[in-house]
Amino acid sequence: MKEKIILPYAPILVESTRSIGYSFESALADIIDNSISKNAKEIHIRFNSTTPQYVAVIDDACGMNQDELISAMRYGSKSSQDVRDASDLGRFGLGLKMASLSQCRELTVITKQGEEIHGAQWDLDYIITQKDWALKCFDETEINNIQFIDELKEKESGTVVLWELFDRMLNGATESQKSKVFDEKIEIARNHISLVFHRFTSDENPMQRVKIYFNNEKIEPIDPFLSNHPATQPLVEQTLLIENSCIKVKPYILPYASKLSTKDKKMLGDLGDLRQNQGFYVYRNKRLIIWGTWFRLIKQHELNKLARVRVDIPNSLDSLWEIDIKKSAASLPDIIKKNLVGIVENTVGRSEQVYRYRGRKVSDDDLQHIWNPIDNRGCFQYLINRDLPLYKKLEECLDEEGNRYLDSLIKTIEDAFPYGDVYFRLAKSENPVQASSLEFDEVYKVAADMIQSIKEIDGDIATFVNSMDKIDFFIKYPEVVDKIKEDYSSDD
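Worth saying up front: this structure is predicted, and the values here are computed from it rather than measured. (Residues numbered from 1 in each chain as written. Predicted model: local features only at pLDDT ≥ 70, side-chain atom pairs only at ≥ 80, totals over all residues. Heavy atoms only, no water.)

Asker: Mind showing me how you'd approach helix α16 (residues 440-456) here?
Answerer: Along an α-helix, residues three or four positions apart point the same way, because every turn accommodates 3.6 residues. Here α16 is 17 residues long and its end C-alpha atoms lie 24 Å apart, about the 24 Å a rise of 1.5 Å per residue gives. At the C-terminal side of α16, Asp-458 shows a positive phi close to 60°. (Helix = DSSP H or I, 4+ residues; strand = E, 2+ residues; numbered from the N terminus. Expected span 1.5 Å × (residues − 1).)

Structure follows, in structure tokens:
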């Protein structure tokens, strides 16, 4: 047998890998990963939105020597199978190169360790010209002409990652539009970084905090759980042991919207996004990698939107979770699905309670009410009882969009309850007791529909029939109750 070593053709492969799917913000986060993994305490993102545009990530980490720099610039510099340090945010050894070159055509890295400064550059056009993996390695004179070299020299150690010649991001934009497009990307990235690295920038230990700046403006952490808010409900943290590694799961229930300050709302973003941001928040070594999904364990629902579950995984379980190169996607391992189902159901139940019962039920009788009077800290409100069998059946028959409309309709009806008019009319009337307003056949049909809905979910029809005289709607129609008991008393 003969073998032949076939090296990939550099110009084609390097252009192809640019389309792996990095967004501007996820690419920038990948560079920050490297800085944090090397124990940076301050990270400065410098940018210029006017021509020529550039983005530079400048840190005060440990820096690299010549060999380490060359290795870092090599594609696939570290195997995903290698055992990594517990705090390492890397994955495939591709992030620096592929993330950077997905956004620009020139990637320059200068780094200082001790008294030595080294520099290298991947230039896509130079690779095409040379038709090979030709990495530019700079001498001292060339390094001194690179942007931010003076800032780097002032540090004991550190690294500058410089992006230049943005083509794809600005493709199609006129010269007058480029600055606006660039600024919009920067703003999206700023919010993304504030969220993804919020546990680093708000670490309880001040000595462990990482400061991140955008053009000298310090970013504030975006805590998706509002964990310091007095109305947030943190639930019990649970630990799952998988392959000798610990996965920590901690659910949170966010405060109801009326309890949020302007600052809270700004941190959470548009309140309309609450619904799509419910679900799991998966962190790998404290770095957020995926959020706003239930991994198909349940469907997103309007009543679940206050539920968020923090999941902490170590990098030793990367393959199990199928963490991708961009560190922006993951799959829930089958081995822990069963463990999470109970946690999710409990969390979702708490979220529903916040919406359905935001106050204390006033009525303590044994009747099943259509309207539940609620005392919400002295403010009384009547809310429709959503545990009625017919309502439950309606929810089941509707799709997700239909349920959203139903929920909006019910909330509108509840909020528009004519308290003042009812009070005025009852006070004025000599006979304030409400008269029966429906015909026999209409009430009978309502009861029959309720029984049918119970039947379709294999519920206990006999119990419902026997308790009809305890449902306030039917109390006014004793003849209907008698007829239903006669017709359905022997129904299986």
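Asker: Looking at this model, I keep getting lost on the pattern of salt bridges. Mind explaining?
Answerer: One side chain can pair with another of opposite charge once the charged atoms of both are near each other. Throughout the structure, instances matching the rule amount to 19 salt bridges. Ionic pairing is found between Glu-217 and Arg-190, a salt bridge with its closest N-O pair at 3.9 Å. Placement of Glu-217 in strand β8 (residues 217-218) and of Arg-190 in helix α8 (residues 175-196) is noted, with a sequence separation of 27 residues between them. Between Glu-237 and Arg-310 there is a salt bridge, and its shortest N-O distance comes to 3.5 Å. Of this pair, Glu-237 sits in the loop between β9 (233-234) and β10 (238-242) while Arg-310 sits in strand β14 (residues 307-313), placing them 73 residues apart in sequence. Accessibility expressed as a relative area gives 14% for Arg-310, which makes it buried. Because the salt bridges share partners, they merge into one network encompassing Glu-15, Arg-18, Arg-105, Asp-125 and Asp-167. (Salt bridge = Lys/Arg side-chain N within 4 Å of Asp/Glu carboxyl O. Buried < 20%, exposed > 50% of the residue type's maximum accessible area, 1.4 Å probe, protein only.)

Asker: Sorry if this is basic, but what is going on with the packing of α16 against helix α19 (residues 478-488) here?
Answerer: Relative placement of two packed helices is described by the angle separating their axes and the distance separating the axes. Viewed as axis vectors pointing N to C, α16 and α19 meet at an angle of 45°, and their least axial separation amounts to 10 Å. Between α16 and α19, the angle falls in the class oblique. Between α16 and α19 lies a crossing whose hand is right-handed. Contacts between α16 and α19 pair Phe-440, Val-443, Tyr-444, Ala-447, Ala-448 and Ile-451 from the former with Glu-479, Val-480, Lys-483, Ile-484, Asp-487 and Tyr-488 from the latter. (Axes fitted to C-alpha atoms, helices over the stretch in contact; angles between N-to-C directions. Parallel < 35°, antiparallel > 145°, perpendicular 65-115°, else oblique. Left-handed = near helix turned anticlockwise from the far one by under 90°. Contact = heavy atoms within 4.5 Å.)

Asker: Can you walk me through the sheet that holds β8 in this structure?
Answerer: Within a sheet, each strand pairs with its neighbour through backbone hydrogen bonds, oriented either parallel or antiparallel. Across the sheet, which stays open at both edges, the eight strands sit in the order β5-β4-β3-β6-β2-β1-β7-β8 with mixed pairing between neighbours. Edge positions in the sheet fall to β5 (136-137) and β8, since each of these pairs with one other strand and no more. Across two bridges, the pairing between strand β4 (residues 116-123) and β5 is antiparallel. By the bridge assignment for β5, Gln-121 is matched with Lys-136. Set on the sheet, helix α3 (residues 66-73) makes contact with β3 (104-113), β4 and β5; between it and β4 the angle comes to about 20°. In this fold α8 packs onto β1 (42-48), β2 (54-59), β6 (158-166), β7 (211-214) and β8, with an angle of close to 165° to the strand it touches most, β7. (Pairing = 2+ DSSP bridges.)

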